[in-house]
Amino acid sequence: MASRAEKRRAQRREQREEQSSTRGMTWALAAAGALAVAIVGWNVVSSLFDATVRSSADVEFEFSTPQELIALAVPVSLGNPDAPVTVMEFGDYQCPACQNFYRQAKPILDVSYIEPGRVRFEFYDFPLEATHPNAFLAARAARCAGDQDRYWDFHDRLFQNQILWSVEPDPSGAFTGYADDLGLDGGEFRSCLRSDRHAEVVVANQMLGIQLGAQSTPTVMLNAGDGRATWIDNWTTNLRPVLEAALAEATGDAAPAETGGG
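Conventions and cut-offs
- Residues numbered from 1 in each chain as written.
- Predicted model: local features only at pLDDT ≥ 70, side-chain atom pairs only at ≥ 80, totals over all residues.
- Heavy atoms only, no water.
- Helix = DSSP H or I, 4+ residues; strand = E, 2+ residues; numbered from the N terminus.
- Buried < 20%, exposed > 50% of the residue type's maximum accessible area, 1.4 Å probe, protein only.
- Areas by Shrake-Rupley, 256 points an atom, 1.4 Å probe, with all protein chains shown as cover.
- Core = buried A, V, L, I, M, F, W, Y, C linked by side-chain atoms within 4.5 Å.
- Disulfide = S-S within 2.5 Å.
- Arc of directions from axis to C-beta.
- Salt bridge = Lys/Arg side-chain N within 4 Å of Asp/Glu carboxyl O.

Visitor: Help me understand the overall build of the protein, please; the structure alone is not making it clear to me.
Guide: Secondary structure summary: the protein contains 10 helices and 7 strands in total. Per-residue burial over the protein gives 49% buried out of 262 residues. For the protein, the exposed surface amounts to about 12,100 Å²; the carbon and sulfur share of it is 50%.

In structure tokens form, the structure reads like this:
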């Protein structure tokens, strides 16, 4: 079990990440109106405000303004919080295309952009429950692992073993096994998984994705903090060129990253 000091440090870190994410998403919403072709503006879906949103875990919450939704829709972030460019993925752990993004694009992002501090990465839960019935629980399970500072390790396990847990009627046993393999406190993880903890933030992530026009996964967007939002279509070929162009414009850094696919 984590000490009280460790928990306080984790809480402060989460608060800093929430503040950084809120600033970035507020910027993105300000740009949404100018990108009506790619991003659904908030006025188009204003009828959803003041609505009660219910998740598959029977958890509900209310929001009345875009700012309230942004505050609720907290991504899990990786990398330099001061990076000039942020890549946002709206992803589904049971989605084969998201697994491809994890296998093909994420290693390039890690080595060439995130680890050097050039780009920040944010993962927003966007489980497509109609076609992927285990995806919502998977999103919650990853966040339960995150309570013990192992979110990204669990994130990796989910994609690495997607073909196995995806076909289970109830994947809870598989998720508990991954937690045990990672050395997590099993009792704490199981307690989290049995509860509705993190269900609200997963639903908020879903709703934010809908507001921004996401209809499939992975939806990959770029926030360069310059008043423009870029939806990265065909990330298999466009991810690197779009990132390099954004970095060059934001910082004047036109040095190309290492060559390769993606």
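Visitor: Would you explain the nonpolar core in this entry?
Guide: Generally speaking, soluble globular proteins have nonpolar side chains that are buried together. Membership of the largest hydrophobic core comes to 45 residues, with the highest contact counts inside it found for Y93, L109, F154, L158, F175, F189 and L243. Sorting elements by how many residues they give to this core places helix α3 (residues 96-114) first, with 8 residues. With 20 residues, the next largest nonpolar core counts F90, A139, M207 and L212 among its residues.

Visitor: In this structure, what is going on with the state of the cysteines? I would like to understand it.
Guide: Disulfides are covalent bonds that connect the sulfur atoms of two cysteines. Taken as a whole, this structure holds 1 disulfide when the rule is applied. Shown here is the disulfide that connects C144 with C192, its sulfur atoms set 2.0 Å apart. Between C144 and C192, the disulfide has an S-S torsion of -80° and is therefore left-handed. In this pair, C144 sits in helix α4 (residues 135-146) while C192 sits in helix α8 (residues 186-194), placing the two residues 48 residues apart along the sequence. Its relative accessible area of 2% is what places C144 among the buried residues.

Visitor: I keep staring at helix α5 (residues 151-160) and nothing clicks. Help me out?
Guide: Owing to its 3.6 residues per turn, the α-helix aligns residues three or four sequence positions apart on the same side. Buried within α5 we find Y151, W152, F154, H155, L158 and F159. Buried positions in α5, seen along its axis, are confined to an arc of 160° and lie on one side of it.

Visitor: I would appreciate a short explanation of the pattern of salt bridges in the present structure.
Guide: Once the charged atoms of two side chains with opposite charge are near each other, the side chains can pair. A full pass over the atoms with the stated rule returns 8 salt bridges. Notably, a salt bridge pairs R118 with E244, separated by 3.3 Å at the nearest N-O pair. Taken together, the residues span a long stretch of sequence, with R118 in the loop between α3 and β5 (119-125) and E244 in helix α10 (residues 235-251) at a distance of 126 residues. One exposure class covers both R118 and E244, and it is buried. The closest approach of N and O atoms between R143 and D125, which form a salt bridge, is 2.7 Å. One end of the pair, R143, is in helix α4; the other, D125, is in strand β5, with 18 residues separating them in the sequence. Classification of D125 by relative accessible area gives buried; the value is 1%. Among the ionic contacts, a cluster of salt bridges with common partners joins D147, E188 and R197.

Honestly, that's just the spatial picture; any functional story needs more than this.
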